[in-house]
Amino acid sequence: MVALWKKELLTFFSSLTGALVMAVFLVITGLFLWIVPGNFNILYGGYANIDALFFMAPWLYLFLVPAITMRLFADEKKSGTLELLLTRPITTELVILGKFLAGFTLVFLSLLPTLVYFYSVSRLAQPTGNIDTGAIWGSYLGLLFLAGAYVAIGVFTSSLTENQIVAFVLSALFSFLFYSGFEALSAVPGLNSFDAFLVNLGMDAHYQSISRGVIDLRDIIYFLSVIIVFLSLTRLTFHKGMSRFLIILAAALVINTLLSDTIARWDLTHEKRYTLAEITKEYLSNLDEPLFAHVYLEGDLNPGFERLARSVKEKLDEFHVYAKKNIDYQFVNPEKKSPEAQIALDRLKNHDLSPVPVYEAKEDGTRKRTLVYPYLVWQKDSLEIAVNLLENIPGQSGAENLNASAEALEYKLTDAMRRLTTKEKRKIAFLEGHGELEELDVIDITDELSKYYQVDRGNPGGNPEMLQPYEALIIARPTQRFSETEKFAIDQYIMQGGRVLWLIDPIHASLDSLRRASQTVGLPFDLNLDDLLFRYGFRINANLVQDVQSSLIPVNVAPPGETSRFVAMPWIFNPLLNTNSLHPVTRNVAPIKTEFISSIDTVGEDLQTETVLLLRTGRHSRLMPSPVYISLAQVQEQPRRESFPQSYIPVAYAAEGRFQSVFTHRSIPPDSNFPPEKRRNLSEPTKMIVVADGDIIKNEVRRRETNNPRIVPLGFDETTNQTFGNKQFILNAINYLTDNQGWMMLRGRSFQLRLLDRDKVANESLYWKWLNLGIPLLWVLIVGILIPLIRKWRFG
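Residues numbered from 1 in each chain as written. Predicted model: local features only at pLDDT ≥ 70, side-chain atom pairs only at ≥ 80, totals over all residues. Heavy atoms only, no water.

A. Focus on the overall build of the protein chain. Helix and strand content of the protein chain: 25 helices and 31 strands. If one aligns the C-alpha atoms of the protein chain with their principal axes, the spans along those axes are about 105 × 65 × 55 Å. A burial count over the protein chain gives 51% of its 796 residues as buried. Within the protein chain, residue pairs in contact and separated by at least 24 positions form 78% of the contacts whose partners lie at least 6 positions apart. Working note: accessible area of the protein chain is about 37000 Å², and carbon and sulfur atoms make up 57% of it. Separation between the mean location of the 78 positive side-chain charges and that of the 84 negative ones in the protein chain comes to 7 Å. (Helix = DSSP H or I, 4+ residues; strand = E, 2+ residues; numbered from the N terminus. Buried < 20%, exposed > 50% of the residue type's maximum accessible area, 1.4 Å probe, protein only. Contact = heavy atoms within 4.5 Å. Areas by Shrake-Rupley, 256 points an atom, 1.4 Å probe, with all protein chains shown as cover. Lys, Arg positive; Asp, Glu negative; His and termini not counted. Charge placed at Lys NZ, Arg CZ, Asp CG, Glu CD.)

B. Spotlight on the side chain of serine 621. Examined against the element boundaries, serine 621 turns out to sit in strand β23 (residues 621-625). Engagement of the side chain of serine 621 in a polar contact is seen with the side chain of aspartate 547, the distance being 3.4 Å. Side chain to side chain, serine 621 and threonine 617 meet in a polar contact 2.9 Å long. (Polar contact = N/O pair within 3.5 Å; in protein donor to acceptor, adjacent residues only side chain to side chain.)

C. Geometry of unusual backbone geometry. Residue proline 127 is bonded to the preceding glutamine 126 through a cis peptide linkage, with omega at -5°. Within the secondary structure, proline 127 is located in the loop between β1 (125-126) and α9 (133-158). Along the chain, serine 626 connects to proline 627 via a cis peptide bond; the corresponding omega equals -5°. Looking at the secondary structure, you find proline 627 in the loop between β23 and β24 (628-631).

D. Region of interest: the packing of helix α10 (residues 164-186) against helix α12 (residues 203-210). In the contact formed by α10 and α12, the axes pass within 6 Å of each other and the chain directions differ by 110°. On the basis of the axis angle, α10 is roughly perpendicular to α12. Along the contact surface, α10 presents Phe178, Tyr179 and Glu183, while α12 presents Met203, Asp204, Tyr207 and Gln208. Here the contact of α10 with α12 is composed, by residue class, of 4 nonpolar, 1 polar and 2 charged. (Axes fitted to C-alpha atoms, helices over the stretch in contact; angles between N-to-C directions. Parallel < 35°, antiparallel > 145°, perpendicular 65-115°, else oblique. Nonpolar A, V, L, I, M, F, W, Y, C, P; charged D, E, K, R; others polar.)

E. Molecular detail of the sheet that holds strand β8 (residues 375-380). Judged by pairing direction, the sheet is mixed, and its 4 strands sit side by side in the order β5-β4-β8-β9 without closing on themselves. Each end of this open sheet is capped by a strand with a single partner; those strands are β5 (327-331) and β9 (383-388). Here the average twist between neighbouring strands, direction ignored, is 20°. (Pairing = 2+ DSSP bridges.)

F. A look at the packing of aromatic side chains. Here the structure, examined in full by the defined rule, presents 28 aromatic pairs. Aromatic pair phenylalanine 54 and tyrosine 140: ring centres 5.1 Å apart, planes at 90°, arrangement edge-to-face. Within this pair, whereas phenylalanine 54 is found in helix α4 (residues 51-69), its partner tyrosine 140 is found in helix α9, the two being separated by 86 residues in sequence. For the pair phenylalanine 54 and tyrosine 140, a shared accessibility class is recorded, and that class is buried. For the pair phenylalanine 573 and phenylalanine 596, a centre-to-centre distance of 5.5 Å together with 35° between the ring planes defines the contact as tilted. Remark: phenylalanine 596 occurs in the loop between β20 (592-593) and β21 (600-602) and phenylalanine 573 occurs in strand β19 (residues 566-579); sequence separation between them is 23 residues. The structure contains a cluster of three or more aromatic residues connected by ring pairs, namely Phe54, Phe118, Trp137 and Tyr140. Just above the ring of tyrosine 274 sits the side chain of arginine 212; from NZ or CZ to the centre is 4.8 Å. The side chain of arginine 622 reaches across the aromatic face of phenylalanine 644, ending 4.2 Å from its centre. (Phe/Tyr/Trp six-rings, centres within 6.5 Å; stacked < 30°, edge-to-face > 60°. Lys NZ or Arg CZ within 6 Å of the ring centre and 35° of its normal.)

G. View of the side chain of threonine 269. As for its placement among the helices and strands, threonine 269 is situated in the loop between β3 (265-267) and α15 (278-285). Residue threonine 269 is classed as buried on the basis of its relative accessible area of 2%. Contacts of threonine 269, omitting those with residues within four sequence positions, involve Asp132, Ala135, Arg212, Gly213 and Tyr274.

H. Fine view of the confidence of the model for the protein chain. Put simply, the protein chain has an average pLDDT of 88, and 96% of its residues get 70 or more. Helix α6 (residues 82-86) is the least confidently modelled element of the protein chain, averaging 66 in pLDDT, while strand β13 (residues 499-503) averages 97, the highest of any element. (pLDDT = per-residue confidence, 0-100.)

I. Up close: the nonpolar core. Formed by 110 residues in total, the largest nonpolar core has its most connected members in Trp378, Trp502 and Ile697. By residue number, the principal contributor to this core is helix α16 (residues 303-323), which donates 9 residues. With 78 residues, the next largest nonpolar core counts Tyr61, Ile136, Val226 and Phe230 among its residues. (Core = buried A, V, L, I, M, F, W, Y, C linked by side-chain atoms within 4.5 Å.)

J. Representation of the pairing of β19 within the structure. In this structure, strand β18 (residues 550-556) lies alongside β19, joined through 6 bridges in antiparallel fashion. Residue pairing for β19: proline 554 is matched across the bridge by alanine 568. Sheet analysis places β19 next to β20, joined by 2 bridges and oriented antiparallel. Opposite leucine 576, over in β20, you have lysine 593 as the bridge partner. As paired strands, β19 and strand β22 (residues 608-616) are joined by 2 bridges and run antiparallel to one another. Residue pairing in the sheet places threonine 579 in a bridge with leucine 615 of β22.

K. View of the sheet that holds strand β15 (residues 519-524). Pairing is antiparallel across the open sheet formed by 3 strands, whose spatial order is β14-β15-β24. Every other strand in the sheet has two partners, leaving β14 (507-508) and β24 as the edge strands with one partner each. Of the strand pairs in this sheet, β14 and β15 are connected by 2 bridges, and their pairing is antiparallel. Across the sheet, residue isoleucine 507 finds its bridge partner in β15, namely proline 524.

L. Structural view of the pattern of salt bridges. Scanning the entire structure with this criterion turns up 37 salt bridges. In this structure, arginine 680 and glutamate 684 form a salt bridge, with 3.1 Å as the shortest nitrogen-oxygen distance. The class for glutamate 684 is partly exposed, based on a relative accessible area of 32%. Through salt bridges with shared partners, a single ionic network connects Arg212, Asp216, Arg218, Arg265 and Glu318. (Salt bridge = Lys/Arg side-chain N within 4 Å of Asp/Glu carboxyl O.)

Structure, rendered in C-alpha cells:
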C-alpha cells in the first residue's frame, strides 16, 4: 500500500498537469483573498483572520479534488493495468486505501502553502500576533475532514469509468450534491417535515460548525462515515458484496442516528465564543415551545456587518443544537423585490424599526451608502418581540460597536426568548410618599420595564410585609424626610432579601429653578437616610460635582429686548458619566447623562458585601461643597482643566452580599406593626445599587399642564439629538437586581477585537500581496519541477 501511495504521488508530479492544478487553485485563492476587492479580501475587510479561506475552500475544492482524483482508477482502467494491480499480493481494500491516501496527501500538499496567509495576517495584526490561533487550527482541521470526504467521492467516481473527464464531472457533481444538494432539497414543498434530516445528510451543516473552530463529535463521525461508505462503494465496483456494503451503510446510519442527541463539543477559539453559558443550555434544553427567528441582517453588507450576520447565524445554530426542533430561523433581505421582503418590511414597520444608513469610503474617494436592517424578530404563534442586534455606543469606532454587538448576542436573544415564553410577570415597585418623581416623570422607563415586570407604585408606610411580593424597589429622587417607621420597613425588606435601587439627590438644585431665576443656591435635603445608607456601606456627600466632560444646554445669548437666540453650551453641573466596562450592568452602555449630581463614598469595615463601582466622572472634575452657588452666568466661563484637579469621582456603586440592619441595636419603632419575631439583623444574600443622582431616571415632559403632554425619551438630548445610556442603565440595573439565575452575567462576555494594523496595510500592502501570491506558486514550482528532475537524474 505504501508503494502504491508513493507511486501515485510521483505520477501526479511527473507531469505538468499536477502542478498546474495546484497552481490554479492557489492563484484563484490568492487573488480573492489578497488582490480582488470585495468581502473576501483580507486587506479590505480589515479583520485579523482568514475566515474567507475556509468559506471559499469548499467551493474551490469542488474543482481541485476531482482534478486530483479523476485519474486514480480511470487511468489504470484505460492503460489496462488495473487487472495486474488487483492480482498483486495485496487486498483490494488496501489498494483502494492507498489510492485514497495518495489523493488526500495531494490535497493536503495543496493546502500547505496557504499557511503563508496565516503568517501574513499574524504579522499584519495590531498588535503583531493578535490572531485567534486555536480557531484557525480548528478550521484547518475541518477543511481536512471535508477534503477527505471529497477525495473518497473522487476515488469512487474514478472507479466507475476509464474516462478521466467523466470521472472529473461525476466527482464534482456528487461532491456538490452532498455538500449543498440536501439542504436545497429540504426547501422543496412537501419535504418540510424531513428538513432537519435532509440538512444533516449534507456536508455543509457539518462543515459550517467545524470550520469555525468548534470540533463536534457528531461532525467527525459524519465525515468518517461518508469516507467509509464511499470507499466501500468503490470496493463494490470491483467485487460483488452488496450485503457487506449494506451492512456498512446501515451501521453508519445507526451510529450517526444514535449520536445525533449526543453533545460532545470542543471550542478551540480563544474566548470560547461558540460555547453557550450553562444557563442558556439548560433553558434551551427545557424549551417546550417552538420559536421562529426572522433575521433581516441580509443583503449587500460590508465586511463588518457580514461578520455580524455570520455571528447571528452561528449563535442561532448553537441554539438549535440544544433546543432541537424548537428553534428555527430564516434570513430575509428586506431590500429584495419579493413577497417575503414585503412581509419583512411590514413586520419591521409594525415594530417601529427603521433601516440604518451605513457609509463606506470607496477606493476612488467616493462614499457608498447602503441601508442595513440589524434586526431580529422572535415569533411564537401570534406573539412577536423585536431585537435590535446593533450596539451604537458614542465614541466607539464602527468595528468596536460591531464587536460589542457580537458580544451581546447571547444575552439579547435569550432575553427576548424568555420574555416570549414567560407565563407570569414578576413585580417591581416605585416608592411613593416622600416627594419622589411623579409617574409622568418616569413614564418612559416604566413602559420599558413593563415589558419585563408588573410595575406598581405605592407607599408601604411602616409595614415591610407590603413590600414582600416585589422583586425590587425603586426609590427615585425623594425630596421629603423619611420617618423611622418607614426606614424600618425598607430596612426589613432588605433584610428579607429585597433589592433596592437608590436614586438619591442630596442637594436641592434643578435647571427648572434656573429657568425662573438666573441664579440659585444648592442646599442639602433632609431625607433622614444617611444612617441607613451608611450602615449598608455608603455615604452620599452633600456636594455637587462639576466636570469638563459635560452635556450641553440651550442658552439664550441674545441681548435684552431682542428675539431669543439659543446656543448650545456645555454646562459643567451636568457631567457625562463613564461606565464600568467590566460589570454586566454598565458594559457596552453609552455615557450617562446627569443633572446636578453628587459624589458617593464607600464606608465601613468588616462588611459582608462586595462593592463594585458602576459610574464615575471624567478625568477633569471637582467637588463643590454645599451650599453651592449656581448661576447661568457660569456657562459663559471657559472651563480650564487645571481648575478641575480631581479625576474619576465615583457616583454609583453596586453591592452584593449580606447587609447589616441599621436597627440592630435599636428597638422597633412604636408605630410599626411588624411582628418582632420576624425581625432580622443580618440580611439574606441580596443586592442593591446606590446612585448619587435622582434625575438619572427622569424623562423630560413637554406641555405637562395640557391633556396631551409630550414625553421625551429617557436619555435623549434634544439639544444634540443624541441618545445617552440612561434607559439602558436603569433597565440593566433592575434586571441585575432581580436576576437570581445569572442571566445578567451573559452581558459580561468579552470578545477580543482583532484588527489589521491600518498603517501596515496602507504602507506594505504591495509587499504582502506579492508574498501571498508568490510563496504558494514558488512551492508548486519547486515540487512540480524538482521531483521530475530528481526522477530523471535517478532513472534517466
